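Architecture and fold: a report
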Amino acid sequence: MRQIMELMVPRFSIVITTRNRADLVVNSLQSVLEQDFTDFEVIVSDNSDEVPVGAARKALGAMLEDERVRYVRPETVLPMTAHWEWAVAHAQGEYVGILTDRMVIRLYTLSTVDSVLRGNDLDLICYERANIVEDDGGYIVPSTDTQINFKVRRTEEFIEAFSKSDYRRLDNPRFLNGFASAALLTSFRQKYGSIFTGIAPDYSFLMRVLDDRDEVYFVENTLLLKHSEDRSNGKSFTHMKMTRASQDFLERMRKEQSEFVRLAPLPDDVMMITNLMAREYEIGRGGQKSGKLKAINNQAFYDESVKHLRSLKEAGADVSVQLKRMENYRKSFGLAAYRPACRERRRSAKKWLKRILGMNVTSVKKRPKGERFSSIIEALRVDAADHATYKALHIYPNLPELPLSKA
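Residues numbered from 1 in each chain as written. Predicted model: local features only at pLDDT ≥ 70, side-chain atom pairs only at ≥ 80, totals over all residues. Heavy atoms only, no water.

1. Quick notes on the overall build of the chain
For the chain, the count of helices and strands is 17 helices and eleven strands. Within the span of the chain, comprising 407 residues, buried residues form 51% of the whole. Taking as baseline every contact in the chain between residues at least 6 positions apart, the subset at least 24 positions apart corresponds to 80%. Accessible area of the chain: about 20100 Å², with a carbon and sulfur share of 52%. (Helix = DSSP H or I, 4+ residues; strand = E, 2+ residues; numbered from the N terminus. Buried < 20%, exposed > 50% of the residue type's maximum accessible area, 1.4 Å probe, protein only. Contact = heavy atoms within 4.5 Å. Areas by Shrake-Rupley, 256 points an atom, 1.4 Å probe, with all protein chains shown as cover.)

See below:
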């Protein structure tokens, strides 16, 4: 009987979380159902405000009739971190991954990941991500390497960057861009009490990983694709341009997760992206077991925050309140005043001169290259059919064993 139960465990579980974006979650589910690898299950977890038979369920329609799909919904609307914890608990697969409703995966993602996992004792595998270009009402899927590339990355590099408020790297293991074994998730629950914590569950997962291990295995191909950036809460906070969704997130955060808000370097600020990122790092640092996550460098936090605020001010945003808070922060720690780098000074001087001459200071965006498609799934289908990596996986299905030790 036990052997029969083991055979019923799917290779992958993909958890799709959605909230009030029924029109977007369709793309996420469709990108999973059209994978060229079939041993998986999908859990669509609907955290929307609608009544039980919600808009998301209606939008997904016949796709929910697929036997590999389960639609679940918490009894009450949950904060994002609690929702992810609840949704992932439904996963039964050997490896578990998560997508939000603004994300899709290339149609050969699961077969690529499975090829890497075969013969290698890995409990966590990550891959790169990129944005789908949305231009003139069409969609362009960015190309990725035709050969599968691998790299082992030391977690100390991520820790060093976060402690210095350097958030530019996109290749960090945030669960959205990879798969974790069920055994690893169980170990996180036992070690920390939960998989996720804080306000941003993807970054709390990252902090767990940085604390738990010394290296992370990456496939250096962009298998995760994001879209609808104009509806991204992260982008909304980065540019301080609030949308209805980001305002909803902010209100719920203040009401339900105030204990985490206080852990930021600037407890009174819930808008400045550098402060929000530092908050998630501090939450992770406070719950660490290894002692590896070092204290935030106050001077670096101040410099990076002011640099970001200056760029927003140049773009026309009113950041006077935030700049005043940063000045108070500088004085409280006795920090040096911000000194712009030469490149930043030159850029500001050019914009000033253009304004004097009556010229347009806004950069002209180059027209993106690539074939445009009327829908995201159509673009993914063509990408899957034409991509050299997709074909190579069928010609050379067995990849060599990789020299990677688990941390």
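2. Topic: the nonpolar core
Among the nonpolar cores identified, the biggest contains 111 residues, and Phe12, Leu29 and Phe205 are the most heavily contacted of them. Those residues in contact with leucine 29, other than ones at most four positions away along the chain, are Ile16, Val42, Val44, Leu60, Met63, Leu64 and Val69. (Core = buried A, V, L, I, M, F, W, Y, C linked by side-chain atoms within 4.5 Å.)

3. Regarding the pattern of salt bridges
In this structure the tally under the stated criterion is 25 salt bridges. One salt bridge connects arginine 153 with glutamate 128, and the closest N-O pair in it is separated by 3.2 Å. Note that arginine 153 is positioned in strand β9 (residues 150-154) and glutamate 128 in strand β6 (residues 124-131), a separation of 25 residues in sequence. Relative accessible area serves as the criterion here: at 15%, glutamate 128 is assigned to the buried category. Through salt bridges that share partners, Arg11, Glu94, Asp114 and Arg118 make up one connected network. (Salt bridge = Lys/Arg side-chain N within 4 Å of Asp/Glu carboxyl O.)

4. A word on the packing of helix α6 (residues 155-163) against helix α8 (residues 201-212)
The geometry of α6 relative to α8 is characterised by a closest axis approach of 10 Å and an angle of 125° between their N-to-C directions. With respect to α8, the axis of α6 lies oblique. Of the two elements, α6 crosses α8, and the hand of that crossing is left-handed. Note on element contacts: α8 touches α6 through Tyr203, Leu206, Met207, Val209 and Leu210, opposite Thr155, Phe158, Ile159 and Phe162. (Axes fitted to C-alpha atoms, helices over the stretch in contact; angles between N-to-C directions. Parallel < 35°, antiparallel > 145°, perpendicular 65-115°, else oblique. Left-handed = near helix turned anticlockwise from the far one by under 90°.)

5. Looking at the pairing of strand β4 (residues 95-100)
Across the six residues that make up β4, a large majority, six, are buried. Of the two faces of β4, the one holding Tyr95, Gly97 and Leu99 and the one holding Val96, Ile98 and Thr100 are both buried throughout. Here strand β1 (residues 12-18) runs beside β4; their pairing, made up of six bridges, is parallel. Each bridged residue has a counterpart across the sheet, and for valine 15 the counterpart in β4 is isoleucine 98. As judged from the two bridges shared by β4 and strand β10 (residues 178-181), these two strands associate in the antiparallel manner. Looking at β10, one finds that valine 96 is bridged to alanine 180. (Pairing = 2+ DSSP bridges.)

6. Here's the deal with the pairing of β10
Here β10 shows no split at all, with Gly178 and Ala180 on one side and Phe179 and Ser181 on the other all buried. Alignment of β6 against β10, held across three bridges, turns out to be antiparallel. Among the inter-strand pairings, isoleucine 125 is bridged to a residue of β10, identified as phenylalanine 179.

7. Here's the deal with the side chain of serine 28
Mapped onto the fold, serine 28 is located in helix α2 (residues 22-33). A polar atom in the side chain of serine 28 sits 2.7 Å from the backbone oxygen of methionine 103. With near-sequence residues (within four places) excluded, serine 28 lies in contact with Ile16, Leu99, Thr100, Asp101, Arg102, Met103 and Val104. (Polar contact = N/O pair within 3.5 Å; in protein donor to acceptor, adjacent residues only side chain to side chain.)

8. A word on the side chain of aspartate 101
Its location among the elements puts aspartate 101 in the loop between β4 and β5 (103-105). Here aspartate 101 falls in the buried class, since its relative accessible area comes to 2%. In terms of polar contacts, aspartate 101 uses its side chain to reach the backbone amide nitrogen of arginine 19, at 3.3 Å. Beyond its immediate sequence surroundings of up to four residues, aspartate 101 is in contact with Thr17, Thr18, Arg19, Arg21, Leu24, Val25, Ser28 and His227.

9. Section: helix α5 (residues 109-117)
Think of an α-helix as 3.6 residues a turn; residues three or four steps apart then line up on the same face. Of all the nine residues making up α5, nine are buried; the element is thus mostly covered by neighbouring parts of the structure. Thr109, Leu110, Ser111, Thr112, Val113, Asp114, Ser115, Val116 and Leu117 are the residues of α5 that are buried. Positive phi shows up at glycine 119, right after α5, with a value of about 85°.

10. Quick word on the packing of helix α12 (residues 273-286) against helix α13 (residues 298-314)
Two elements in contact, α12 and α13, have axes whose closest approach is 9 Å; the angle formed by their N-to-C orientations is 145°. Seen from α12, the contacting residues are Ile273, Thr274, Asn275 and Ala278; seen from α13, they are Phe301, Glu304, Ser305 and His308. Broken down by class, the residue content of the contact of α12 with α13 amounts to three nonpolar, four polar and one charged. (Nonpolar A, V, L, I, M, F, W, Y, C, P; charged D, E, K, R; others polar.)

11. Some points on the environment of asparagine 275
Inspection of the secondary structure assignment puts asparagine 275 in helix α12. For asparagine 275, the contacting residues outside a window of four places in its chain are Ala264, Pro265, Leu266, Asp269 and Phe301. From its side chain, asparagine 275 meets the backbone oxygen of aspartate 269 in a polar contact 2.9 Å long.

12. Comments concerning unusual backbone geometry
Despite not being glycine, serine 165 shows a phi value in the positive range, around 60°. Structurally, serine 165 is set in the loop between α6 and β10. At phenylalanine 175, a residue that is not glycine, the phi angle is positive and equals roughly 75°. Looking at the secondary structure, you find phenylalanine 175 in the loop between α6 and β10.

13. Comments concerning the environment of threonine 100
Relative to the helices and strands, threonine 100 resides in strand β4. Residue contacts for threonine 100: discarding those within four places in its chain leaves Thr17, Ser28, Trp84 and Leu176.

14. Focus: the packing of aromatic side chains
Going through the model one piece at a time under the given rule, you end up with 15 aromatic pairs. Judged by centre distance (4.9 Å) and plane angle (55°), the rings of phenylalanine 12 and phenylalanine 179 are tilted. Of the two residues, phenylalanine 12 sits in strand β1 while phenylalanine 179 sits in strand β10, which places them 167 residues apart along the sequence. Note on phenylalanine 12: relative accessible area 0%, which makes it buried. According to the relative accessible area criterion, phenylalanine 179 is buried, its value standing at 2%. (Phe/Tyr/Trp six-rings, centres within 6.5 Å; stacked < 30°, edge-to-face > 60°.)

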